[in-house]
Amino acid sequence: MASGTGPRSSAARRRHWESIYRTQGEESLSWHQEEPTLSFRLITGVSTKSDRVVDIGGGSSPLAERLRRAGYRRTVVLDISPSALGRNRTRAGGPATGIRYRTGDLLALGSLGRFDLWHDRAVFHFLTSAEDRKRYVDLAARTLPVGGHAIVATFSQNGPERCSGLPVQRYDARGLAREFGPRFAVRTTRGERHRTPWNAVQPFSYFVLERVRAGSARDGSRATPRPPGPAPSIGRGAGRGAAAGSEGGRRPIGTGSA
Ligand SMILES: C[S@@+](CC[C@H](N)C(=O)[O-])C[C@H]1O[C@@H](n2cnc3c(N)ncnc32)[C@H](O)[C@@H]1O
């Protein structure tokens with residue numbers, strides 16, 4: 001279980017993330033990936049180029065740009081931090097055709113519109129209150145049609161307990177299926193040994209969920225969720241880098257408070 005809670009109001013959340021993106025370069029953000037390889041592979045595995053994709057809390061990630069280069073033209077990046085989105089836009093080379101940017105707090109949004117694919121890397125795991133997690137899952141369920149997919153990446157159960165100075169909740173497939181409830185079925189689980197920009201290891205789990213009709217035979221309401229796919233792959237150099245259970249490294253990240 002996560003100990004402590006993150007910022008409770010929208011304004012406090014925005015202040016937290018803005019202060020990080022205003023003061024820290026990519027090289028100081030533990031979560032940063034120059035190549036979002038696994039996200040890209042999972043997205044292209046369950047979607048087509050004409051699909052509407054939303055990157056939830058996309059920050060300054062190069063993912064939207066990689067998708068645009070691959071032919072996706074209907075991607076929206078949502079983030080609470082305007083500075084993060086400003087960086088993302090600059091990285092994509094200015095107002096890039098096929099990528100739209102939306103500033104907003106996903107916990108305060110009534111609606112996002114309709115998307116075929118929801119991608120979230122390292123946002124859901126910050127939700128340490130059951131009420132916030134319910135709000136998140138309700139929004140995802142309203143956003144995706146039956147048959148649509150959500151790809152959610154969180155710290156694994158042996159991953160760090162905090163990130164950017166905030167407590168996180170870590171997941172395996174069973175725990176995630178419990179949170180997402182009967183409107184989603186976990187179809188695939190993949191592990192990633194993420195390396196921070198300073199080369200510390202952070203174990204992530206990526207879950208591919210399908211939006212299903214609650215109560216249908218194919219849904220995720222089974223008492224025992226379908227077992228995860230192949231065991232998490234262990235990246236090259238496993239065992240090197242910082243131990244999990246901390247923020248995963250010797251360098252402070254984000255606000256710098258562990
Ligand atoms: C750990 S970062 C991950 C960024 C990106 N997904 C990646 O993998 O590089 C978390 C991101 O979620 C955004 N975020 C946090 N809480 C949010 C919220 N309630 N609504 C929208 N975005 C949020 C932050 O601004 C930040 O960009």
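Residues numbered from 1 in each chain as written. Predicted model: local features only at pLDDT ≥ 70, side-chain atom pairs only at ≥ 80, totals over all residues.

### Regarding the environment of Phe180
Note that Phe180 resides in helix 6 (residues 173-180). For Phe180, a count of 24 C-beta atoms within 10 Å puts it in the buried group. Taking the C-alpha atoms as reference points, Phe180 and Tyr136, separated by 44 residues in sequence, lie 9.2 Å from one another. (Helix = DSSP H or I, 4+ residues; strand = E, 2+ residues; numbered from the N terminus. Buried ≥ 20, exposed ≤ 12 C-beta atoms within 10 Å, placed from the backbone.)

### Regarding the site of the ligand
Around the ligand, 20 residues are found, and the nearest of them are Trp17, Gly57, Gly59, Ser61 and Arg121. When residues of the shell around the ligand are traced back to their parent elements, those giving at least two are helix 1 (10-23) and strand 2 (75-79). Classifying every residue of the shell around the ligand gives ten nonpolar, six polar and four charged. (Near = placed C-beta within 6 Å. Nonpolar A, V, L, I, M, F, W, Y, C, P; charged D, E, K, R; others polar.)

### Observations concerning the sheet that holds strand 5 (residues 149-155)
Across the sheet, which stays open at both edges, the seven strands sit in the order 3-2-1-4-5-9-8 with mixed pairing between neighbours. Edge positions in the open sheet fall to strand 3 (99-103) and strand 8 (184-195), since each of these has one partner strand only. Sheet twist, expressed as the mean angle between neighbouring strand axes with direction ignored, is 20°. As paired elements, strand 2 and strand 3 share five bridges and run parallel to each other. Opposite Asp79, over in strand 3, you have Thr103 as the bridge partner. Lying over the sheet, helix 4 (residues 82-91) contacts strand 2 and strand 3, oriented at roughly 170° with respect to strand 3. (Pairing = 2+ DSSP bridges. Axes fitted to C-alpha atoms, helices over the stretch in contact; angles between N-to-C directions. Contact = placed C-beta atoms within 7 Å.)

### Notes on the nonpolar core
Counting residues in hydrophobic clusters, the biggest one holds 55 residues, and the most contacted among them are Trp118, Ala150, Ile151, Val152 and Leu209. Excluding residues that lie within four positions of it along the chain, Leu209 makes contacts with His149, Ala150, Val152, Phe180, Phe184, Ala185, Val186 and Arg187. (Core = buried A, V, L, I, M, F, W, Y, C linked by C-beta atoms within 7 Å.)

### Notes on the pairing of strand 8
Burial runs high along strand 8: nine of the twelve residues are buried. Here strand 8 runs beside strand 9 (residues 201-211); their pairing, made up of eleven bridges, is antiparallel. Bridge pairing in strand 9 links Ala185 to Glu210. Hairpin connection between strand 8 and strand 9: a loop of five residues separates the two successive antiparallel strands, and Asn199 in this loop has a positive phi of roughly 75°.

### Overview of helix 5 (residues 130-143)
Given a rise of 1.5 Å per residue, 14 residues ought to cover 20 Å, and the 20 Å separating the end C-alpha atoms of helix 5 matches this to within 8%. The complete set of buried residues in helix 5 reads Tyr136, Ala140 and Thr143. Projected down its long axis, helix 5 carries its buried residues within an arc of 65°, all on one side. Seen from the open side of helix 5, the exposed residues pointing more than 90 degrees away from its buried face are Ala130, Glu131 and Asp138. Taken together, the buried residues of helix 5 touch strand 1 (53-56), strand 4 (117-121) and strand 5. (Expected span 1.5 Å × (residues − 1). Arc of directions from axis to C-beta.)

### Digging into the confidence of the model for the chain
For the chain, per-residue confidence averages 85 on the pLDDT scale, and residues scoring 70 or more make up 83% of the total. Taking the mean pLDDT of every element in the chain, the minimum, 95, falls on helix 4 and the maximum, 99, on strand 4. (pLDDT = per-residue confidence, 0-100.)

### Structural notes on the packing of helix 1 against helix 4
When two helices pack together, their arrangement is given by the angle between the helix axes and the distance between those axes. Here helix 1 crosses helix 4 at 40°, and the two axes come no closer than 7 Å. One finds that helix 1 runs oblique with respect to helix 4. Taken together, the residues of helix 4 that come into contact with helix 1 (itself represented by Trp17, Glu18, Tyr21 and Arg22) are Ser83, Ala84 and Arg87. Of the residues belonging to the contact of helix 1 with helix 4, the class tally is three nonpolar, one polar and three charged. (Parallel < 35°, antiparallel > 145°, perpendicular 65-115°, else oblique.)

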